[in-house]
Amino acid sequence: AQSVSQHNHHVILSEAASLELGCNYSYGGTVNLFWYVQYPGQHLQLLLKYFSGDPLVKGIKGFEAEFIKSKFSFNLRKPSVQWSDTAEYFCAVRRSNDYKLSFGAGTTVTVRA
Amino acid sequence: SAVISQKPSRDICQRGTSLTIQCQVDSQVTMMFWYRQQPGQSLTLIATANQGSEATYESGFVIDKFPISRPNLTFSTLTVSNMSPEDSSIYLCSVPDNEQFFGPGTRLTVL
């Protein structure tokens, strides 16, 4: 079974700081990659996804992620965070021929005003 | 994109009882999934709801505890049986497409 590792359990930042959240997966085949965000009290929302093509993908709210195949990584970045980015962030992976998503443990991001 | 609704949105139940959660999708879909998100944790896949056949369960989940129905291509139910406090979670229905769509979830608290 594939596994998804998120490096940071809790990240605390000040507004305008840059954010990078790490994500690694264990599956060696072709994968689809996702980052989801869950704001306090709300349900999951898709930030961005990667299926193929340009390994640098841009999502909503100024987020981007880079797929590095050789490192089995899909790290999420945002150059300048806002207080409203306080949320739980989940990396998720599925095989390209299978729709079952495997989620990382999640990273809690707290942005201080 | 698929629009998914779930009922109930939340419930508080007594241990030993059962709760059935409904998932309705606004279009016909071949596959539907049920996930669980325990408090402070990530999402775990419970099972795949197959239309016209038995659900396929992931390791650690069994039909007796989480029976699933899939009577048609737009609807599924998940029952949490003989509940204990450890079943307190958010249960989410999901359908795959180009991306993966999730329902709003059912927040279950078992006392």
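In the block above lies the structure referred to throughout.
Before going into details, it helps to say that this report is about the structure given with it. A quick note: this is a predicted structure, and the numbers were derived from the prediction, not measured.

1. Details of the packing of aromatic side chains
Link 1 in the chain: Applying the stated criterion across every chain, the model contains 15 aromatic pairs over all chains.
Link 2 in the chain: Considering the side-chain rings of Tyr36 of chain A and Phe103 of chain A, the 5.9 Å spacing of their centres and the 40° angle between planes classify their relative orientation as tilted. Here Tyr36 of chain A, found in strand S5 (residues 31-38), pairs with Phe103 of chain A, found in strand S11 (residues 102-103); they are 67 residues apart in sequence, far enough to count as distant. Comparing Tyr36 of chain A with Phe103 of chain A, the two get one shared label, buried.
Link 3 in the chain: A centroid spacing of 5.9 Å and a plane angle of 65° characterise the contact between Phe103 of chain A and Phe102 of chain B, whose relative ring orientation is edge-to-face. Of the two residues, Phe103 of chain A is situated in strand S11 and Phe102 of chain B in strand S10 (residues 100-102); the pairing between them involves two chains.
Link 4 in the chain: The buried category is assigned to Phe103 of chain A, whose relative accessible area is 9%.
Link 5 in the chain: The structure contains a cluster of three or more aromatic residues connected by ring pairs, namely Phe34, Tyr36, Phe51, Phe90 and Phe103 of chain A together with Phe33, Tyr35 and Phe102 of chain B.
Link 6 in the chain: For the cation-ring pair, Lys49 of chain A lies above Phe51 of chain A, with the distance from its terminal atom to the ring centre recorded as 5.6 Å.

2. Brief notes about the side chain of Ser88 of chain B
Residues and elements named next belong to chain B.
Link 1 in the chain: Assignment of secondary structure puts Ser88 in the loop between strand S8 (75-80) and strand S9 (89-96).
Link 2 in the chain: Within polar-contact distance, the side chain of Ser88 engages the backbone nitrogen of Val110 at 2.8 Å.
Link 3 in the chain: Beyond its immediate chain neighbours, meaning those up to four positions away, Ser88 contacts Gln38, Pro39, Leu108, Thr109 and Val110.

3. Some words on the interface of chain B and chain A
Link 1 in the chain: Listed by partner, the interface residues are 18 residues for chain B and 16 residues for chain A.
Link 2 in the chain: Between chain B and chain A lies a buried interface of about 1,500 Å² when both sides are counted; carbon and sulfur atoms form 56% of it.
Link 3 in the chain: Across the chain B-chain A interface, the total number found is 2 salt bridges.
Link 4 in the chain: Connecting chain B to chain A are 8 residue pairs in polar contact (both at pLDDT 80 or more).

4. Concerning the environment of Ala105 of chain A
Link 1 in the chain: Tracing the sequence through the fold places Ala105 of chain A in the loop between S11 and strand S12 (107-112).
Link 2 in the chain: Classification of Ala105 of chain A by relative accessible area gives exposed; the value is 52%.
Link 3 in the chain: Here the alpha-carbon distance between Ala105 of chain A and Val4 of chain A, two residues 101 residues apart in the chain, equals 7.8 Å.
Link 4 in the chain: Setting aside its immediate chain neighbours within four residues, Ala105 of chain A contacts Gln6, Glu88 and Phe90 of chain A together with Ser42 of chain B.

Calculation criteria
Residues numbered from 1 in each chain as written. Chains lettered and ligands numbered in written order. Predicted model: local features only at pLDDT ≥ 70, side-chain atom pairs only at ≥ 80, totals over all residues. Heavy atoms only, no water. Phe/Tyr/Trp six-rings, centres within 6.5 Å; stacked < 30°, edge-to-face > 60°. Helix = DSSP H or I, 4+ residues; strand = E, 2+ residues; numbered from the N terminus. Buried < 20%, exposed > 50% of the residue type's maximum accessible area, 1.4 Å probe, protein only. Lys NZ or Arg CZ within 6 Å of the ring centre and 35° of its normal. Polar contact = N/O pair within 3.5 Å; in protein donor to acceptor, adjacent residues only side chain to side chain. Contact = heavy atoms within 4.5 Å. Buried area = accessible area lost by both parts, 1.4 Å probe. Salt bridge = Lys/Arg side-chain N within 4 Å of Asp/Glu carboxyl O.

So, to be careful, I would describe these as geometric facts and stop short of saying anything about function.
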